[in-house]
Amino acid sequence: MDGKLAISATGPQFALNEEQSAVRDMARAFAEEKIAPHAIRWDAEKHFPVEVFREAAALGMASIYVREDNGGSGLSRLDAALIFEALATGCPSTSAYLSIHNMVASMIDRFGTDAQRRDVLPALVEAKLLSSYCLTEPSCGSDAAALRSSARRDGGDFILNGVKQFISGAGATDLYLVMARTGAAGAAGISSFLIEKGTKGLSFGANERKMGWHTQPTRQVIMEDVRVPAANLLGEEGSGFKIAMTGLDGGRLNIGACSLGGAQAALDKACAYMQERQAFGKRLEEFQALQFRLADMDIALEAARTLLWRAAAALDAADPAATKLCAMAKKMATDTGFEVANQALQLHGGYGYLADYGIEKIVRDLRVHQILEGTNEIMRLIVARSLIGHA
Ligand SMILES: Cc1cc2nc3c(=O)[nH]c(=O)nc-3n(C[C@H](O)[C@H](O)[C@H](O)COP(=O)(O)OP(=O)(O)OC[C@H]3O[C@@H](n4cnc5c(N)ncnc54)[C@H](O)[C@@H]3O)c2cc1C
């Protein structure tokens, strides 16, 4: 495709059909009832809401794009984007963890053996087992193909050693999808493995103290002579990096969608606040400069959403430009989302800085979306590569 954008078979989406609207409304109602009322407390108490993930699973939201034959919801990437945006209006961090769990479940659905699918998918679909995606290491994040964790064959087993850094859900989750080196340096020497919590030699670092994303723990995953049967290899030996990157295309859309949802909630809060707050004898909503600012926030969000839906439709259609479009959409949605949420905080004046208004939490949560699942610099690198062949 030489980096040029193709109009995919499904075409860009400009309107949602009845089923898509119903999926979005279901997720929005769930966020309003089960997530939003508790989000500020969960953030303060650093509570990982496992019970809510199980309730979301009962509605099909823990296996959104796992195939129906394998017990999943069999929905599209566009449906997933609608769901994660809707859930993130309640809490971006909670929605984002569910996105990671969905990513792991779909990778097992797609690349797993019959036995792996039979053994773990039913429990992942019901969120009885929760999962983590383990790529990043202390010495390499963006340059993930340089990872050093090793997996050495020993008869019918592999023995894994190494440390994974910044792993979402770690310590509280049950199943770890780990990328480790089985061969020579570079991407082709990497394989992926499924490791269950409780396996001898697997341990976790302390919960990192961080700026946001407090409703999910972030820990190191430490492997010291962790022995797993070769049956725990996901996909072919040497295909682990490709598998990891395949998962990330959809993951990036989901993170972008979480940014849109958080920012939409912040914009809605700002509109409501400006109808009440008075300054200089007027309500804030009467100042035209502020009306224009609201309009710019809405325009930016809608533009980012449109690109995200376009990228999701491309991924659903297996368009060759999908990876590039997902990178574009992730960068635009996460930058825009952070900027809009930050503007909404500004429009609340000093009250925006107080935890009880819920705005500062959104700003803190959205900041990391510009960093993880590939930094926004790396998103530009992917786009630049498609333009000039190297970057
Ligand atoms: C809260 C949190 C949760 C996370 N969850 C997970 C998880 O569940 N699983 C997982 O595997 N990882 C996870 N990560 C890791 C995350 O994906 C990495 O932090 C991210 O990919 C960046 O890697 P790094 O931190 O090593 O930064 P580095 O790669 O060291 O980058 C440092 C800076 O240099 C820039 N840079 C690097 N290379 C280039 C280049 N070639 N051109 C231009 N700029 C460049 C980067 O954009 C960045 O600004 C998480 C991170 C955080 C903070």
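To be clear, the structure that these remarks concern was listed above.
Q: Could you give an account of the overall build of the chain, naming the residues involved and the relevant values?
A: Counting its regular elements, the chain contains 11 helices and 10 strands. Taken against the 2.2 N^0.38 rule, which gives 21 Å for 391 residues, the C-alpha radius of gyration of the chain at 21 Å falls within 12% of a compact globule. Seen through its C-alpha atoms, the chain measures out along the principal axes to roughly 80 × 50 × 40 Å. For the chain, with 391 residues in total, the buried portion stands at 51%. Across the chain, the fraction of contacts at a sequence separation of at least 24, relative to all contacts at a separation of at least 6, is 75%.

Q: I'd like a description of the nonpolar core, backed by residues and values.
A: Judged by nonpolar contacts, the single largest core of 114 residues is most densely connected at Phe 193, Leu 308 and Ala 311. Those residues in contact with Phe 193 that lie beyond four places of it in its chain are Ala 151, Phe 158, Leu 160, Val 178, Ala 180, Val 228, Asn 232, Leu 233 and Leu 234.

Q: How would you summarise the site of the ligand if you had to cite specific residues and measurements?
A: The full set close to the ligand counts 23 residues, and Gly 141, Ser 142, Ser 168, Thr 375 and Glu 377 are the nearest of them. Elements with a minimum of two residues in the shell around the ligand: strand E1 (131-134), strand E3 (157-168) and helix H11 (376-388). Looking at the shell around the ligand residue by residue, the classes come out as 12 nonpolar, eight polar and three charged.

Q: Kindly report on the pairing of E1, identifying the contributing residues and their values.
A: What you see with E1 is no split at all: Ser 131 and Tyr 133 on one side and Ser 132 and Cys 134 on the other are buried throughout. As paired elements, E1 and strand E4 (residues 175-181) share four bridges and run parallel to each other. Residue pairing across strands places Ser 131 opposite Leu 175, the latter belonging to E4.

Q: Describe the packing of helix H9 (residues 322-347) against H11, listing the residues and the values that go with them.
A: Their axes nearest at 9 Å, the elements H9 and H11 cross at an angle of 145 degrees. In the packing of H9 onto H11, the handedness of the crossing is left-handed. Residues Thr 323, Lys 324, Ala 327, Met 328, Lys 330, Lys 331, Thr 334 and Asp 335 of H9 form the contact with H11, whose own contacting residues are Asn 376, Met 379, Arg 380, Ile 382, Val 383 and Ser 386. Residue classes in the contact of H9 with H11 are distributed as five nonpolar, four polar and five charged.

Q: Just give me the short version of the environment of Glu 224, but keep the residues and values in it.
A: Within the secondary structure, Glu 224 sits in strand E7 (residues 218-229). Each C-alpha atom of the pair Glu 224 and Leu 160 lies 6.8 Å from the other, and the pair is 64 residues apart in sequence. When residues no more than four places from it in sequence are discounted, the contact partners of Glu 224 are Asn 161 and Gly 201.

Cut-offs and rules
Per chain, residues are indexed from 1 in the order of the written sequence. Owing to the predicted nature of the model, reporting of local features is limited to residues with pLDDT of at least 70; listing and counting of side-chain atom pairs is limited to 80 or more, with chain, interface and lining totals taken over all residues. Going along the chain from the N terminus, every DSSP run of H or I of four or more residues is numbered as a helix, and every run of E of two or more is numbered as a strand. Only C-alpha atoms enter the radius of gyration, while the globule expectation follows 2.2 Å times N to the 0.38, with N the number of residues. Around each residue's C-beta, the other C-beta atoms within 10 Å are counted; 20 or more make the residue buried, 12 or fewer make it exposed, and counts in between make it partly exposed. All C-beta atoms are placed from the backbone. Remark: residues whose backbone-derived C-beta atoms lie within 7 Å of one another are considered to be in contact. Connectivity within a nonpolar core runs through C-beta atoms within 7 Å, and the core itself is a set of buried Ala, Val, Leu, Ile, Met, Phe, Trp, Tyr and Cys residues. Any residue qualifies as near a molecule or strand once its backbone-derived C-beta atom lies within 6 Å of it. All residues other than Ala, Val, Leu, Ile, Met, Phe, Trp, Tyr, Cys, Pro, Asp, Glu, Lys and Arg, Gly among them, are scored as polar; the first ten of these are nonpolar and the last four charged. Only strands that DSSP links by at least two bridges are regarded as paired with each other. Here an angle of 0 to 180 degrees is reported between the N-to-C directions of two axes, which are lines fitted to C-alpha atoms, with helices fitted over the stretch in contact. For a crossing to be left-handed, the near helix must be turned anticlockwise from the far one by less than a right angle; the clockwise case is right-handed.

Read these as layout, nothing more, since geometry by itself doesn't imply function.
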